[in-house]
Each structure stands twice: as structure tokens, then as C-alpha cells.
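Remarks on the overall topology
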Amino acid sequence: MNLTISMNTVLNFLHSMALSTNNKRWLADHLYEEVRAEETAAPIVKTRRKLTEKEKDELFEKMVGSWKDDPIGDKVLEAIRIGREPASYKRKIVYLNDDE
């Protein structure tokens, strides 16, 4: 959607310039040449298929608990805490729920 809006903005900008037919043809020819060169140089990348809801849930479950039983997670958290302690004041990491 954002790309479409941007391309429409570019097109509107070009229309505001009141280009002659020759100028438009020159611009179109050069853009077309660039497109053909890019298509032959780079392989066409297929669009990725969208994940199903089940696949999204499985991916989320893998990522959420990834440090749950890993002792390095505590070390990383402590390093973050140390990094947030400037000389003049101390910030505190607070959890969103009251249980922890």
C-alpha cells in the first residue's frame, strides 16, 4: 500500500512537470531499459507465501519461550540492568505483571 502511494506521488509529480511527448517517451524508454537489465541480471524472487494461523502460532511458541530454561538469559538480563545504571541515577526494570 505504501509503495503504491509513493508511486502515485511520483506519477503526479511527473504530470505536474508538463513534459513533452518526447520527454515522456525518453523517460519511459530509459526506465524500461533499466527494468530489462535488472530482470536479466537478477533472478526473479518468488513472493513468500503467507503463514497459516497454525504456523504463526507454532513460530510464536518457539520464540516466546526460547530463553525460559536457558541460564544465559539471566546473564543477559543482568547485563542489561548493569547497562541501565548510569553514575548519577539508577533506573529499574519493572515487569508488567505484579507476580514477578
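**Observations regarding the overall build of the protein**
A count of helical and extended segments in the protein gives four helices and zero strands. Ordered by position from N to C terminus, the α and β elements of the protein give α-α-α-α. Sorting the 100 residues of the protein into buried and exposed places 1% on the buried side. About 10300 Å² of surface is accessible on the protein, with carbon and sulfur atoms providing 58% of the total.

**Here's the deal with the pattern of salt bridges**
Applying the stated criterion across every chain yields a total of two salt bridges. Two residues, Arg49 and Glu55, come together in a salt bridge whose shortest N-O distance is 2.8 Å. Residue classification places Arg49 among the exposed positions, given a relative accessible area of 57%. For Glu55, a relative accessible area of 24% translates into the label partly exposed. In this structure, Glu53 engages Lys56 in a salt bridge whose closest nitrogen and oxygen atoms are separated by 3.6 Å. Residue Glu53 and its partner Lys56 are both found in helix H3 (residues 53–64); the two are separated by three residues, about one turn of the helix.

**Considering a nonpolar patch on the surface**
Taken together, the side chains of Leu51, Leu59 and Met63 make up a nonpolar region of the molecular surface, amounting to roughly 290 Å² of accessible area. Following the sequence through the fold, Leu51 ends up in the loop between helix H2 (21–41) and H3.

**A few points about the confidence of the model for the protein**
Across the protein, pLDDT averages 76, with 69% of residues at or above 70. Per-element averaging of pLDDT across the protein places helix H4 (residues 72–83) at the bottom with 73 and H2 at the top with 87.

Basis of the calculations
- Residues numbered from 1 in each chain as written.
- Predicted model: local features only at pLDDT ≥ 70, side-chain atom pairs only at ≥ 80, totals over all residues.
- Heavy atoms only, no water.
- Helix = DSSP H or I, 4+ residues; strand = E, 2+ residues; numbered from the N terminus.
- Buried < 20%, exposed > 50% of the residue type's maximum accessible area, 1.4 Å probe, protein only.
- Areas by Shrake-Rupley, 256 points an atom, 1.4 Å probe, with all protein chains shown as cover.
- Salt bridge = Lys/Arg side-chain N within 4 Å of Asp/Glu carboxyl O.
- Patch = residues over 30% accessible without salt bridge, like charges linked within 9 Å, V, L, I, M, F, W, Y side chains within 5 Å.
- pLDDT = per-residue confidence, 0-100.

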